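Now for the letters of each chain:
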Amino acid sequence: MITTITLNAAIDQVYELDCLAVGNTNRVVNKRQQGGGKGVNVARVITALGGHACVSGFVGGLNGEKIEMLLKEEKLHAEFVHIAQESRICLTVINKQTGEMTELLEQGPTIQAKEWQQMLTWIEKQAEQSVYFVLSGSLPKGLPAKTYATIIERLKKKGIRVVLDTSAEALIEGVQAIPYAIKPNEEELAQLLGKVIESEQDLIQAGERLRALGIEHICFSLGAKGALFINEFGVFRVDAPKIEVVNTVGSGDSFLGGLTYKLAQGATYSEAYKWAVACGSANASEKDIAKVHLHVVEDFVQKLKITKIK
Ligand SMILES: Nc1ncnc2c1ncn2[C@@H]1O[C@H](COP(=O)(O)OP(=O)(O)O)[C@@H](O)[C@H]1O
Ligand SMILES: O=P(O)(O)OC[C@H]1O[C@](O)(COP(=O)(O)O)[C@@H](O)[C@@H]1O
C-alpha cells in the first residue's frame, strides 16, 4: 500500500477557451472538474497502473465534500481529516488557439492546531500498513514550513520510505529531514538552491550535493526534456518521448506516481525512472489530469532509453 498525503487538497477545475483575452470578457467553451491536489493525482496514477493507494490530507466545507464525492465516483480510496475551513479550487485556463495554460491556484484554508494533531494521529495509524508515503504539494496556512520534515522524521523512524514533492520553504526544510526521494521541477530546484540552474553541469553538481545528504533518488523533472536522475550508481538521463501536448497540468504528479509505483514494486531504478518519464508524458498527451492509460505508458516505456551520463 502506498499512502499519499495532500495537505492542501483542491478541486482541480479546467476551463477551455477558444482564445484568452486578459482584461476582456471571455466565454468558456468547456469545463471539467476533478478531485485534486498533488497527492490525489499521484494516487490516481498509482491506481491506474494497478497499484493500491490510499489518499489522505485535509478537506473542508462544500468544496471538501465535492472532492470526496469526486474521488468516490472514481473509486479512489480516501481517508481525509475534516477541517472547519473550505478546501480550495485550483483553476487551469487553456487557451485553445495558442495551447497556453494559465494556472490560478487558491491559497486554501487555514489549519487549526487540533486538526493537525488529528492528521498526525492518522499518519501514525496508517504507518502500520503502508510501506511508502508520498507527501505532495504546497502547505496550507497555519502549518509551519517544517511540517513535511516533521512527518518525514516520524515515518523514517518506522522504516518507511518517504517521497517528497513540494516547493519553496517546505521543500528547503523537508530536504533537511532526508526523504527517500525528491522530485523538484526546474522552478522548485531554483527555489531550493536560491539560483536558476543554467547548464547540465550545474544540474549534476546540485544533484550530487543533494545525494550527498543521503537522499536515495534525486529526480529533476525537466518538462519536455524529460528528467535527470542522481542515485548511488551515478547520474542518468531519460529523454521524454515526442508527443502532441494537450494538458501538462499533473505531469509532475504522474511522474511521481509512476516512479513510486515501480519503486514500491521492487523494480530496478532504471525501470522506475523510465516509468516516471513515461507517466509524465502520458499525462501531458491527455486532457484529464493524471488519468493515464496503462497501454500508453507501457508503449512509451518500450521506446525510452536511460543513459548514464556520469
Ligand atoms: N511537453 C512535454 N512533452 C513530453 N513530456 C512532457 C512534457 N511536459 C512534461 N512532460 C513529462 O512530464 C514530466 C514532468 O513534467 P514537469 O513539467 O517537469 O513537472 P511539473 O508538472 O512538476 O512541473 C517530464 O519529466 C516529462 O516526462
Ligand atoms: O499544491 P500546489 O503546489 O499548490 O499545487 C496544486 C496543483 O498542482 C497540481 O497537482 C498539478 O501539479 P503538477 O503539474 O506539478 O503535476 C494541480 O492538480 C493542483 O491544482
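Residues numbered from 1 in each chain as written. Chains lettered and ligands numbered in written order. Predicted model: local features only at pLDDT ≥ 70, side-chain atom pairs only at ≥ 80, totals over all residues.

A. Geometry of the site of ligand 1. Among the 18 residues in the neighbourhood of ligand 1, the closest are listed as Ser221, Ala224, Ser251, Gly252 and Gly280. Of all the secondary structure elements, the ones that give two or more residues to the shell around ligand 1 are α8 (251-265) and α9 (269-284). For the shell around ligand 1, the element with the highest residue contribution is α9, accounting for four residues. By residue class, the composition of the shell around ligand 1 is nine nonpolar, nine polar and no charged. (Near = placed C-beta within 6 Å. Helix = DSSP H or I, 4+ residues; strand = E, 2+ residues; numbered from the N terminus. Nonpolar A, V, L, I, M, F, W, Y, C, P; charged D, E, K, R; others polar.)

B. Quick peek at the sheet that holds strand β2 (residues 10-17). The strand order across the open sheet built from four strands is β3-β2-β7-β8, with neighbouring strands paired in mixed fashion. Looking along the sheet, the strands with just one partner apiece sit at the ends: β3 (28-36) and β8 (101-105). When the angles between neighbouring strand axes are averaged without regard to direction, this sheet yields 15 degrees. Relative to strand β7 (residues 88-95), β2 runs parallel, the two sharing eight bridges. In the strand pairing of β7, Tyr15 is matched with Val93. Helix-sheet contacts for helix α2 (residues 61-73) involve β2, β3 and β7, and the interaxial angle to β3 is about 85 degrees. (Pairing = 2+ DSSP bridges. Axes fitted to C-alpha atoms, helices over the stretch in contact; angles between N-to-C directions. Contact = placed C-beta atoms within 7 Å.)

C. Representation of the site of ligand 2. By nearness alone, 18 residues border ligand 2, and Cys90, Gly137, Ser138, Gly252 and Asp253 come closest of all. Only β2, α1 (38-49) and α8 provide two or more residues apiece to the shell around ligand 2. The element that contributes the greatest number of residues to the shell around ligand 2 is α8, accounting for three residues. Looking at the shell around ligand 2, its residues break down into five nonpolar, ten polar and three charged.

D. Focus on the packing of helix α5 (residues 168-176) against helix α6 (residues 186-193). With their axes 9 Å apart at the nearest point, α5 and α6 run at an angle of 65 degrees to one another. Taken together, the axes of α5 and α6 lie roughly perpendicular to each other. Here α5 and α6 pass one another in a crossing that is right-handed. Of α6, the residues touching α5 (which contributes Ala168, Leu171, Ile172 and Val175) are Glu188, Gln191 and Leu192. Tallied by class, the residues present in the contact of α5 with α6 amount to five nonpolar, one polar and one charged. (Parallel < 35°, antiparallel > 145°, perpendicular 65-115°, else oblique. Left-handed = near helix turned anticlockwise from the far one by under 90°.)

E. Molecular detail of the nonpolar core. Within the largest apolar cluster, 85 residues are counted, with the highest numbers of intra-cluster contacts made by Phe58, Cys219, Ala227, Ala276 and Cys279. Broken down by element, this core gets its largest block of residues, eight residues, from α9. Ignoring sequence-local partners within four residues, the contact set of Ala227 consists of Cys219, Phe220, Ser221, Leu222, Val238, Ala276 and Val277. (Core = buried A, V, L, I, M, F, W, Y, C linked by C-beta atoms within 7 Å. Buried ≥ 20, exposed ≤ 12 C-beta atoms within 10 Å, placed from the backbone.)

F. Representation of the UniProt feature "domain: Carbohydrate kinase PfkB" (unreviewed entry) in the protein chain in the model. As recorded in UniProt, the sites labelled "domain: Carbohydrate kinase PfkB" (unreviewed entry) are residues 7-287. The span residues 7-287 is 40% helical and 25% strand by assignment, and the distance between its end C-alpha atoms comes to 25 Å. (UniProt positions renumbered as here; feature names shortened; annotations may be inferred.)

G. A look at the pairing of β7. Residue alternation in β7 divides its side chains into a buried set, Arg88, Cys90, Thr92 and Ile94, and an unburied set, Ile89, Leu91, Val93 and Asn95. In terms of strand pairing, β7 meets β8 through five bridges, oriented antiparallel. Note that in β8 the partner of Thr92 across the bridge is Glu103. Here β7 folds back onto β8, and the loop between the two strands holds five residues, one of which, Gly99, carries a positive phi near 80 degrees.

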